[in-house]
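Each chain is listed here by its residues.
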Amino acid sequence: MTLNLPAGLTASATVAASSANLGPGFDSLGLALALYDEILVETTDAGLIIEVEGEGAGQVPLGPEHLVVRALQRGLATGGADVPGLVVRCRNAIPHSRGLGSSAAAVVGGLAAANGLLAQADREPLTDAQLIQLASEFDGHPDNASASVLGSAVVSWADAQTTPPTYAATRLRLHPDIRLFPGIPHVRSSTAETRVLLPAQVSHEAARFNLSRAALLVVALTERPDLLMAATDDVLHQPQRGPAMPASAEYVQVLRRCGVPAVLSGAGPAVLALTTGAELPAEAVEFGAANGFTVTEMGIGEAVRWGSGVAVRR
């Protein structure tokens, strides 16, 4: 039986950005970045009000098609609840259309905010497994979503034999010596637009290469960061996407020539450098600045947090 929630309930969620693929781990490996969106929601008697500050302000839709609202309603429905009206306030720090998982973060944040409302209605909150499943259903793969749900680095997978497909993930403990340096450009890119550049079929040789590198990357991320250069090599998606974002592709090569393991972040155009060094080489810093990349060190992101009222919890 669906429970109609009363007006006046408040909930919040804080959700991290994410970088997916990490080179060879196409649609399966990802990690969370310490760059967060915040969502505040309040139930009302009727209507829908959406306020957006920061990234996406004046650009994203302010109606029921908004990703946070869609995810929030999906979370409430899964928990057996509904609400006649909502005020949704989004404070966004994650850049949109840069390959940093902004869409996945919006979905995970909306689902997590639903948990804050469900908790006040004596309904069981959604588990991490449910958050990953529901969030992944929005775009069909769980790499960004699971990183935003679980934090740290993740391995995710899907079972397409079920309807809907079953999505799952497990968290990795990132080696403490690894430092993250995202390079975020001013230009944007669409995952849908760059995904069509990928071939429908690949050779056994290319598949074998990426399988070995993806397996090695799990070892490099958790135990042997000295292997990151070899482990982040890829032949399945980055070379194909490079022509659509030449500055990003060249920046990856500049970093790697300087001895810094680097990859496209998700579908790009952001670039992610993973290093155990103190700073990036001067050549790489200069190239980034000259080509419109904002490059700063960023910590590993935490798991999504949600709460009722002002209290945010895990």
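Our subject is the structure listed above.
Read on for a plain summary of the structure. This one's a predicted model, so the numbers in the text were calculated from it and none came from an experiment.

Moving on, we come to helix α6 (residues 204-222). Think of an α-helix as turning once every 3.6 residues; residues three or four places apart then point the same way. A rise of 1.5 Å per residue sets the reference length of α6, with its 19 residues, at 27 Å; its end C-alpha atoms lie 28 Å apart and thus fit the reference within 8%. For α6, the full list of buried residues reads Ala206, Asn210, Ala214, Leu217, Ala220 and Leu221. In a view along the axis of α6, the buried residues occupy a sector of 125 degrees, so they form one face of it. For α6, the exposed residues lying more than 90 degrees away from the buried face are His204, Glu205, Arg208 and Leu211. Buried residues along α6 sit against β3 (25-44), α7 (228-231) and β11 (271-275).

Right, let's get into the side chain of Asp234. For Asp234, the location among the structural elements is in the loop between α7 and α8 (238-241). No salt bridge is formed by the buried Asp234. Its closest oppositely charged neighbour is Arg241, at 7.7 Å. Within the local environment of Asp234, its side chain forms a polar contact with the side chain of Asn210, the two groups lying 2.9 Å apart. In this structure the side chain of Asp234 is engaged in a polar contact, spanning 3.3 Å, whose partner is the backbone nitrogen of His237. Discounting chain neighbours no more than four positions away, the residues touching Asp234 are Gly23, Pro24, Phe209, Asn210 and Pro239.

Sheet topology note: the strand β2 (residues 10-21)/β3 ladder contains 12 bridges and is antiparallel. In the strand pairing of β3, Ala17 is matched with Leu33. Turn length for the β2-β3 hairpin, with the two strands adjacent in sequence and antiparallel, is 3 residues, and the turn residue Leu22 shows positive phi of about 55 degrees. For β3 and strand β7 (residues 153-159), the ladder comprises 3 bridges, and the chain directions are antiparallel. Bridging across to β7, Leu29 finds its partner in Val155.

Formed by 67 residues in total, the largest nonpolar core has its most connected members in Leu72, Leu76, Val88 and Leu274. Per-element tally for this core: the top contributor is helix α2 (residues 102-120), with 11 residues. Of all hydrophobic cores here, the second largest spans 15 residues; its members include Met245, Leu264, Leu280 and Phe293.

What the 4 strands build is an open sheet, ordered β10-β11-β9-β12; its pairing is antiparallel. Looking at which strands have only one partner, the edges of the open sheet turn out to be β10 (262-264) and β12 (293-295). If you compare each strand with its neighbour and ignore which way they point, the axes differ by 20 degrees on average. Taken together, the 3 bridges between β10 and β11 define a ladder with antiparallel strand orientation. Bridge pairing in β11 places Ala262 opposite Ala273.

Bringing the packing of helix α1 (residues 67-78) against α2 into the picture now. One way to put it is that α1 packs onto α2 with a least axis distance of 7 Å and a crossing angle of 40 degrees. On the basis of the axis angle, α1 is oblique to α2. Two packed elements cross with a definite hand, and for α1 against α2 that hand is right-handed. On α2, the residues that touch Leu67, Val68, Ala71, Leu72, Arg74, Gly75 and Leu76 of α1 are Ser103, Ala106, Val107, Gly110, Leu111, Ala113, Ala114, Leu117 and Leu118. Class assignment of the residues belonging to the contact of α1 with α2 gives a composition of 12 nonpolar, 3 polar and 1 charged.

The rules behind the values
Residues numbered from 1 in each chain as written. Predicted model: local features only at pLDDT ≥ 70, side-chain atom pairs only at ≥ 80, totals over all residues. Heavy atoms only, no water. Helix = DSSP H or I, 4+ residues; strand = E, 2+ residues; numbered from the N terminus. Expected span 1.5 Å × (residues − 1). Buried < 20%, exposed > 50% of the residue type's maximum accessible area, 1.4 Å probe, protein only. Arc of directions from axis to C-beta. Contact = heavy atoms within 4.5 Å. Lys, Arg positive; Asp, Glu negative; His and termini not counted. Salt bridge = Lys/Arg side-chain N within 4 Å of Asp/Glu carboxyl O. Polar contact = N/O pair within 3.5 Å; in protein donor to acceptor, adjacent residues only side chain to side chain. Pairing = 2+ DSSP bridges. Core = buried A, V, L, I, M, F, W, Y, C linked by side-chain atoms within 4.5 Å. Axes fitted to C-alpha atoms, helices over the stretch in contact; angles between N-to-C directions. Parallel < 35°, antiparallel > 145°, perpendicular 65-115°, else oblique. Left-handed = near helix turned anticlockwise from the far one by under 90°. Nonpolar A, V, L, I, M, F, W, Y, C, P; charged D, E, K, R; others polar.

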